[in-house]
Amino acid sequence: MSDPVTIIMIEDDEGHARLIERNIRRSGVNNEIIPFTNGTEAVNYLFGKDGSAVERKGQALLILLDLNLPDMTGIDILKRVKENKHLKSTPVVVLTTTDDSHEIKRCYELGCNVYITKPVNYESFANAIRQLGLFFSVIQVPPASL
């Protein structure tokens, strides 16, 4: 039996973070969610003290990533995750307000698994996150490479 998936949420907007977590929970997903409000703390957690991400090996992670962070771009985080031998198979769901087609293409080229543009309307946003939670409840996530 595999370990439960830990959701790493990298979202600087506290209102969005609360809305995301609440609606993921409403969809029946009870996995641990570790929130980060900036890229630096998230990168430090993901890559560990020595920067190799060896501390994450064997863990099943799923990353929810906002692109617009105060200290670095989500693109930089995505690139680092997908270039790391321990984290490259970790699913990354980009959840952002950016709907620029070039940005979307770039994220997929860098290895994001899903790109979701946050709806502006509160109810649409909440519904989109509940659907994302249902998606989380059925997908299989590999552990970080050994």
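So, here is what we can say about the structure in this document. (Residues numbered from 1 in each chain as written. Predicted model: local features only at pLDDT ≥ 70, side-chain atom pairs only at ≥ 80, totals over all residues. Heavy atoms only, no water.)

1. Description of helix α1 (residues 14-26)
In an α-helix, one full turn covers 3.6 residues, which means residues spaced three or four apart are oriented alike.
Inference 1: Helix length check: α1 (13 residues) gives 18 Å between terminal C-alpha atoms against 18 Å at 1.5 Å per residue, within 8%.
Inference 2: Residues of α1 that are buried include every one of A17, L19, I20, N23 and I24, and no others. Projection of α1 onto a plane perpendicular to its axis shows the buried side chains occupying an angular sector of 165°, all on one side. Along α1, exposed side chains directed more than 90 degrees from the buried face belong to E14 and R26.
Inference 3: Buried residues in α1 make contact with β1 (6-10), β2 (33-36), β3 (61-65), β4 (92-96) and α5 (122-138).
Inference 4: Where α1 begins, the side chain of D13 points an oxygen toward the backbone nitrogen of G15, at a separation of 2.9 Å.
Inference 5: One or two residues past the end of α1 sits G28, with phi positive at roughly 95°. (Helix = DSSP H or I, 4+ residues; strand = E, 2+ residues; numbered from the N terminus. Expected span 1.5 Å × (residues − 1). Buried < 20%, exposed > 50% of the residue type's maximum accessible area, 1.4 Å probe, protein only. Arc of directions from axis to C-beta. Contact = heavy atoms within 4.5 Å. Polar contact = N/O pair within 3.5 Å; in protein donor to acceptor, adjacent residues only side chain to side chain.)

2. Digging into the side chain of N23
Inference 1: Among the structural elements, N23 can be located in helix α1.
Inference 2: A distance of 2.7 Å separates the side chain of N23 from the side chain of R130, its partner in a polar contact.
Inference 3: Beyond its immediate sequence surroundings of up to four residues, N23 is in contact with A126, I129 and R130.

3. Quick look at the pattern of salt bridges
Inference 1: Under the definition given, this model contains five salt bridges.
Inference 2: Because the salt bridges share partners, they merge into one network encompassing E11, D66 and K118. (Salt bridge = Lys/Arg side-chain N within 4 Å of Asp/Glu carboxyl O.)

4. Notes on the packing of aromatic side chains
Inference 1: Across all of its chains, the model carries two aromatic pairs by this definition.
Inference 2: For the pair F36 and Y45, a centre-to-centre distance of 5.5 Å together with 40° between the ring planes defines the contact as tilted.
Inference 3: In this structure F36 comes out as buried when scored by relative accessible area, which is 9%.
Inference 4: Seen in terms of ring centroids, F135 and F136 are 6.3 Å apart; in terms of plane orientation they differ by 45°. Their pairing is tilted.
Inference 5: Classification of F135 as partly exposed rests on a relative accessible area of 35%. (Phe/Tyr/Trp six-rings, centres within 6.5 Å; stacked < 30°, edge-to-face > 60°.)

5. Quick word on the pairing of β3
Inference 1: Along β3, five of the five residues are buried, which leaves the element largely enclosed by surrounding structure.
Inference 2: In β3, alternate side chains face the same way, and those of L61, I63 and L65 on one face and L62 and L64 on the other are all buried.
Inference 3: Both β1 and β3 contribute to a ladder of five bridges, which runs parallel. Among the inter-strand pairings, I7 is bridged to a residue of β3, identified as L62.
Inference 4: Across three bridges, the pairing between β3 and β4 is parallel. Within β4, the position partnered with L64 by the bridge is V93.
Inference 5: Note on the crossover from β3 through helix α3 (residues 74-83) to β4: the handedness is right-handed. (Pairing = 2+ DSSP bridges. Right-handed = clockwise from strand over helix to strand, strands pointing away.)

6. What to know about the nonpolar core
Inference 1: Counting residues in each nonpolar core, the largest one holds 24 residues, and the members touching the most others are I8, I10, L46, I63, V81 and C107.
Inference 2: Within the residue set of this core, elements represented by two or more residues are β1, β2, α2 (39-47), β3, α3 and β4.
Inference 3: Setting aside its immediate chain neighbours within four residues, C107 contacts L67, I75, L78, V94, C112 and Y115.
Inference 4: Grouped together as the second largest cluster of nonpolar side chains are 22 residues, V5, I33, F125 and A126 included. (Core = buried A, V, L, I, M, F, W, Y, C linked by side-chain atoms within 4.5 Å.)

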